[in-house]
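Examining the three-dimensional arrangement
Okay, here's what each chain looks like letter by letter:
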Amino acid sequence: MYESIIKKFKINSRMLFFILLIVFVIFSFTTKQKDDKKNVFELLSFLDKTFSTIDNTFNNLSNQTLIFPNVKENYELVVDSLSKLKQDIIDFEKSIPNQTGEELYQNVRSDLIEIYKVSYNRINLSIEIYNVRKNLITNVNNYYKLADINSLSSNKELEEIIESWKTVISFKKLEAKQNDSNEIKKYYYDKIEKEEDLLTKLSLSSSNSNTLVIDNDLKENIKKLQIERYDSFLRLQIENLENPDFGEKVKKLQNSVKQLKNS
């Protein structure tokens, strides 16, 4: 059910970019005033260039993550690339042409700034996710031991599992933030909340005595958990950037450009 909801909200932003580009070309040759034509052409050329940079950089990086080995250095590489793209977006916003005070022209600029903001926030979230996911590499094997909770032999081993589980939960919380549907987000947050409750109870088991003692009911509930696997490199999905909010902002920009064309 949740996959169908996700598909329902997906926006084909590349098609919208293509439509926008057609509008730009037509408009650049039909503007009546020479100065206005130059100003609009500069703005729309800038828009096209910056969209291409954001889209191509993100898409190329996404393709690379398909073949990356699951090692710390590759997570750092992705974070570094995304950080540079984030800085590019900051620079783009500062450099948007502003040659006329006309309302419709300013509407296009304003809508473009909104798209930069969405892109910046989505990329920033991806950076957070990759930084936390990187930490799972070194301790994920301790988390996997939850699947066989009866095999634990010491409080030290339990404490290692607890610390690893905390990291996994932190990662799951960040991943859940990527969902734009409140229904899907609530579904994941409810699951995470149940895990946190079990984690709290397990933490009390390690602090109550020097001898390892875990309540049998707690063991049974932990056995029911779905132990996620984190052995493969985390794929960067284009949907992580081009979410429904991003798509809606693009459509709003498209409408502003059409209004400017028809004025």
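Residues numbered from 1 in each chain as written. Predicted model: local features only at pLDDT ≥ 70, side-chain atom pairs only at ≥ 80, totals over all residues. Heavy atoms only, no water.

What follows deals with the packing of aromatic side chains. Inspection of every chain in the model, using the stated rule, returns 10 aromatic pairs. Aromatic pair Y75 and Y130: ring centres 5.8 Å apart, planes at 45°, arrangement tilted. Separated by 55 residues along the polypeptide, Y75 in helix 4 (residues 72-95) and Y130 in helix 5 (residues 103-144) bring together distant segments of the chain. Y130 shares its class with Y75; the two are buried. Note on Y187 and Y188: the rings are 5.1 Å apart at their centroids and 65° apart in plane angle, and the pair reads as edge-to-face. Linked through ring pairs, F68, Y75, Y130 and F233 together constitute an aromatic cluster. Cation over ring: R133 sits above F171, and NZ or CZ is 5.9 Å from the ring centre. Across from the ring centre of Y144, 3.6 Å away, lies the NZ or CZ of R229, which sits over that ring. (Phe/Tyr/Trp six-rings, centres within 6.5 Å; stacked < 30°, edge-to-face > 60°. Helix = DSSP H or I, 4+ residues; strand = E, 2+ residues; numbered from the N terminus. Buried < 20%, exposed > 50% of the residue type's maximum accessible area, 1.4 Å probe, protein only. Lys NZ or Arg CZ within 6 Å of the ring centre and 35° of its normal.)

An α-helix turns once every 3.6 residues. As a result, residues three or four positions apart point the same way. In this model helix 9 (residues 244-262) runs 27 Å from its N-terminal to its C-terminal C-alpha over 19 residues, within 8% of the 27 Å that 1.5 Å per residue would give. Residues P244, F246, G247, K249, V250, L253, Q254, S256, V257 and L260 constitute the buried set of helix 9. (Expected span 1.5 Å × (residues − 1).)

All chains considered together, the criterion is met by 16 salt bridges. Of the charged contacts, one joins K173 and E196 as a salt bridge, the two residues approaching to 2.6 Å between their closest N and O atoms. Of this pair, K173 sits in helix 6 (residues 155-176) while E196 sits in helix 7 (residues 182-207), and the two are 23 residues apart along the sequence. On the accessibility criterion, E196 (28% relative accessible area) is partly exposed. (Salt bridge = Lys/Arg side-chain N within 4 Å of Asp/Glu carboxyl O.)

We now examine the environment of P244. Checked against the element boundaries, P244 lands in helix 9. For P244, a relative accessible area of 16% corresponds to the buried category. Put simply, P244 and S181 are 63 residues apart on the chain and 9.4 Å apart in space, counted from C-alpha to C-alpha.

This part covers the confidence of the model for the protein chain. For the protein chain, per-residue confidence averages 84 on the pLDDT scale, and 84% of positions sit at 70 or higher. Counting contacts from residues 1-11, a segment whose pLDDT is below 50, to residues more than four positions away or on other chains yields 16 contacts. (pLDDT = per-residue confidence, 0-100. Contact = heavy atoms within 4.5 Å.)

Next up on the list: the packing of helix 4 against helix 5. Across the interface, helix 4 lies against helix 5 with an axial gap of 9 Å and an inter-helix angle of 165°. In terms of orientation, helix 4 lies roughly antiparallel with respect to helix 5. Considering the relative orientation of helix 4 and helix 5, their crossing is left-handed. The class makeup of the residues in the contact of helix 4 with helix 5 is 15 nonpolar, five polar and seven charged. (Axes fitted to C-alpha atoms, helices over the stretch in contact; angles between N-to-C directions. Parallel < 35°, antiparallel > 145°, perpendicular 65-115°, else oblique. Left-handed = near helix turned anticlockwise from the far one by under 90°. Nonpolar A, V, L, I, M, F, W, Y, C, P; charged D, E, K, R; others polar.)

Another aspect to go through is the environment of K201. In this structure, K201 sits in helix 7. K201 gets classed as partly exposed once you look at its relative accessible area, which sits at 41%. Remark: the alpha-carbon pair of K201 and I214, spanning 13 residues in sequence, is separated by 9.2 Å.

On to the nonpolar core, then. Counting 66 residues, the largest nonpolar core has W165 and L202 as the members making the most contacts within it. Elements supplying a minimum of two residues to this core: helix 3 (34-64), helix 4, helix 5, helix 6, helix 7, helix 8 (216-223) and helix 9. If you tally residues by element for this core, the top one is helix 5, at 17 residues. When sequence neighbours within four positions are dropped, the list of residues in contact with W165 reads Y143, L146, E195, L198, L199, L202 and L225. (Core = buried A, V, L, I, M, F, W, Y, C linked by side-chain atoms within 4.5 Å.)

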